[in-house]
Amino acid sequence: MKRIVIIAGTRPEIIKIAPIMRRLQEEKSKYIFVYTGQHYDHQLSSQIIRDLELPLPDYTFKLKSKISSIQIAEIMTNLEKIPKEKNDIILVQGDTNSVLAASLFAIKQNKKLVHVEAGLRSFDWRMPEEHNRRMVDHISDYLLAPTKESKQNLLNEKVNGKIYVTGNTVMDAVKEHIKLSEKKSLIQNNIKFDKYILATFHRAENVDNRKNLQNIVEGIIKSNLPVVIPLHPRTKKMLKKFSLYKKIETKNVQIIPPQGYLDFLSLMKNCKFIVTDSGGIQEESTSPFLAKRVIVLRNSTERPEAIENGNAILLQLNQQKISKQLKFEWDYDFEKINKSPYGNGNASKKINKILKKI
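I will try to describe carefully the structure that is included in this document.

Calculation rules
Residues numbered from 1 in each chain as written. Predicted model: local features only at pLDDT ≥ 70, side-chain atom pairs only at ≥ 80, totals over all residues. Heavy atoms only, no water. Helix = DSSP H or I, 4+ residues; strand = E, 2+ residues; numbered from the N terminus. Rg over C-alpha atoms; globule rule 2.2 N^0.38 Å. Contact = heavy atoms within 4.5 Å. Areas by Shrake-Rupley, 256 points an atom, 1.4 Å probe, with all protein chains shown as cover. Axes fitted to C-alpha atoms, helices over the stretch in contact; angles between N-to-C directions. Parallel < 35°, antiparallel > 145°, perpendicular 65-115°, else oblique. Left-handed = near helix turned anticlockwise from the far one by under 90°. Nonpolar A, V, L, I, M, F, W, Y, C, P; charged D, E, K, R; others polar. Pairing = 2+ DSSP bridges. Core = buried A, V, L, I, M, F, W, Y, C linked by side-chain atoms within 4.5 Å. Buried < 20%, exposed > 50% of the residue type's maximum accessible area, 1.4 Å probe, protein only.

A word on the overall build of the protein. From N to C terminus, the protein includes 16 helices and 13 strands. A globule of 358 residues ought to have a C-alpha radius of gyration of about 21 Å, and the protein, at 20 Å, matches this closely. Here the contacts in the protein between residues at least 6 apart in sequence split such that 70% fall between residues at least 24 apart. A total of about 16200 Å² of accessible surface is found on the protein, and carbon and sulfur atoms cover 50% of it.

Relative to each other, helix H9 (residues 210-223) and helix H15 (residues 319-331) sit at 40 degrees, their axes nearing to 7 Å. In terms of axis orientation, H9 runs oblique to H15. Taken as a pair, H9 and H15 cross one another with a handedness that is right-handed. Residues Asn215, Ile216, Glu218, Gly219, Ile220, Lys222 and Ser223 of H9 pack against Gln319, Gln320, Ile322, Ser323, Leu326 and Lys327 of H15. Broken down by class, the residue content of the contact of H9 with H15 amounts to four nonpolar, six polar and three charged.

Strands sit in the order S10-S9-S8-S11-S12-S13 across an open sheet of six strands; the sheet is parallel. For this open sheet the edge positions go to strand S10 (253-256) and strand S13 (312-314), each flanked by a neighbour on one side alone. Each strand axis lies, on average, 20 degrees off the axis of its neighbour in the sheet, ignoring direction. In this sheet, strand S12 (residues 294-296) lies alongside strand S11 (residues 273-276) in parallel orientation, the contact comprising three bridges. By the bridge assignment, Val275 is partnered in S12 with Ile295.

In this structure, Ile6, Phe33, Tyr261 and Leu355 are the most contacted members of the largest nonpolar core, which totals 56 residues. Looking at this core, the element that brings in the most residues is helix H1 (residues 11-26), giving seven residues. Ignoring any residue separated from it by four or fewer positions in sequence, one finds Phe33 in contact with Ile6, Ala8, Ile14, Ile17, Met21, Ile49, Pro55, Leu56, Pro57, Asp58 and Tyr59. Counting 28 residues, the second largest nonpolar core, distinct from the first, contains Ile197, Ile229, Leu244 and Ile322.

Here the focus is unusual backbone geometry. Phi is positive for Glu53, which is not a glycine, with a value near 55 degrees. Of note, Glu53 is situated in the loop between helix H2 (46-51) and strand S3 (59-60). In this structure Glu53 comes out as exposed when scored by relative accessible area, which is 51%. Of note in the backbone geometry, Phe123 takes a positive phi value of approximately 60 degrees without being a glycine. Residue placement: Phe123 occurs in the loop between strand S5 (112-116) and helix H5 (128-139).

What follows concerns the environment of Ile75. Within the secondary structure, Ile75 sits in helix H3 (residues 68-79). Each C-alpha atom of the pair Ile75 and Leu63 lies 7.5 Å from the other, and the pair is twelve residues apart in sequence. Non-local contacts of Ile75, meaning those with residues more than four positions away in its chain, are made with Thr36, Leu63, Asn97, Ser98 and Ala101.

What follows is the structure in structure tokens.
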């Protein structure tokens, strides 16, 4: 029996591979779980593994550097320490430095590479994730595209690997964990608003740029609406660096620490709508179990399906536009969208069947 080596390094990756791991466990398939350590913050890594009641990684590493190129080299070096088996299949999910490093490692070791969530494209070369996902897709043996649109992107680029459309495992994750969230999460006891907007922003192009970050902060403040912000460590650091932290601490804004997945699910389910620059949240929000509108604080997105579905809109980083859009979304009652473009929550079963064939 071939061994599947699942490699992940960030919170979103762990969330999306959780349903795949459960299907492999149910089938008693042979696999190991490797955690690269790309997310170094406790809240963003080990907590999520416990929240989702997943087995601890078989191998866990810590990275010394935060510089992308050095991280990739470190991860590849660390992966060399894992005892290898002749027919190992490497499985990665997404577009992070961990994914690129693991994929390059697979090629150099002559291992078959499976890329879950293949074919996403923002067509914005300024985004580091766009570099990663394009390179990984072109060296993968099996490309598991979440939608027909992402499959078409792969066909347009004439990738070499075999393409399957599976749906997105984030739909499985929400479906499997929403009841667990309702049972375990107590986060709502700490929220001071009856109704609130959920806001999260952490992407480098937003928070490392003073003007962009200031526009987001000013837009939120000027809306004068209740906003809850689970503050990412990177965002907190840059808010303080640009002297914006005290400014955002107003009566209409509640800043809370980064939340585990189950608590964050609860925040999404109970908010009025979401403001974010996250890619994963654009997908999660389309789940019928959440069905939330999302304002995407970006000029482009690799998840156009959420926009076409009516769940999300792109919004320029202009404080007046942000404030105006927040007020509009708050006052307008949108019809709930109960169908997701990312599948119906059975992607992990489809992926497991494909892995069996391989």
